[in-house]
Amino acid sequence: MKSIAFKSALFTAIFLLFILTFWGGYNYRNEKERSQQNLLNQGKFLVQTYGPLATKALQFKDDLALITYMQNLMEQPNVLYAMVLSPKGNLLAHHKATEIGKTYEDVYTQKGLKAERLQIFSFTPEEYPQDKAYDFSLPLIVQGNKSGILRLGISTRELKRAMEKYLENILLISILILLAGSIASYFFTHFLIAPIQRVKEVIEDIGKGNVIGEIKFRRKDELGEL
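Scope of this entry: the structure provided in the associated data block. (Residues numbered from 1 in each chain as written. Predicted model: local features only at pLDDT ≥ 70, side-chain atom pairs only at ≥ 80, totals over all residues. Heavy atoms only, no water.)

1. Here we look at a nonpolar patch on the surface
What counts is decided by this rule: Within the patch definition used here, like charges are joined within 9 Å and nonpolar side chains (Val, Leu, Ile, Met, Phe, Trp, Tyr) within 5 Å, considering only residues with over 30% relative accessible area and no salt bridge. All accessibility values rest on the Shrake-Rupley procedure with a 1.4 Å probe; residue burial counts only the protein chains present in the view. Put simply, a salt bridge is a Lys or Arg side-chain nitrogen that is within 4 Å of an Asp or Glu carboxyl oxygen. Numbering of helices and strands starts at the N terminus; helices are DSSP runs of H or I of at least 4 residues and strands are runs of E of at least 2. Burial classes: relative accessible area under 20% of the type maximum marks a residue as buried, over 50% as exposed, and values in between as partly exposed (1.4 Å probe, protein chains only).
Together, F11, F15, F18 and I19 make up an exposed nonpolar region whose accessible area comes to about 470 Å². With respect to the secondary-structure elements, F15 resides in helix α1 (residues 2–59). On the basis of relative accessible area, F15 is assigned to the partly exposed category, the value being 47%.

Here you go:
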């Protein structure tokens, strides 16, 4: 009879494993998509907030204000870089003072310079080659003319760490549910078949010629009556 309880626990474990795999995968995918969308919304919000400020600073040629805005952007979570470039790709403002005056000719800069509205590109940062990042490029329009672009880099590094932690939590919860369900199934099945086990023992005793007195069970269900 113990083999029946063991088989029941094994079947329960397999069934729970299937359900938990589906549940965990579904929740992990949804959480990752939600977190990634939040990251994109963060980047959009920052460039759309600082874009008008940078535009006004360009209009009045306020270099100090531009640099201050770039430094403020760098204080936001997940930000890799913040800069303002001229229509030719020259750096007008950067969170690093040593970068100002340089000319960027990379493919993302060229795409941003040609764009007429907010553009978002995904790329692999050199300092974190195992992670992905997003580049947000927003044209800065002064009196109807494009006077530059605001570029902002957002890293997915923290998102990746958060998802790894989330996956660990899902696995831990799944293991606990799997163990609890299997153990509960084993003891519940053992409880159900206990009367049958007792009947089996009685039949074996009768077969050996032993005299059997009254057998009492506290259970009042069908198996108890049996």
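2. Side note on unusual backbone geometry
The phi angle at N78 is positive, at roughly 75°, despite the residue not being glycine. Within the element layout of this structure, N78 appears in the loop between α2 (63–74) and β1 (79–85). A positive phi angle, close to 55°, is found at Q143, a residue other than glycine. Topologically, Q143 is positioned in the loop between β4 (133–142) and β5 (145–155). In this structure Q143 comes out as exposed when scored by relative accessible area, which is 70%.

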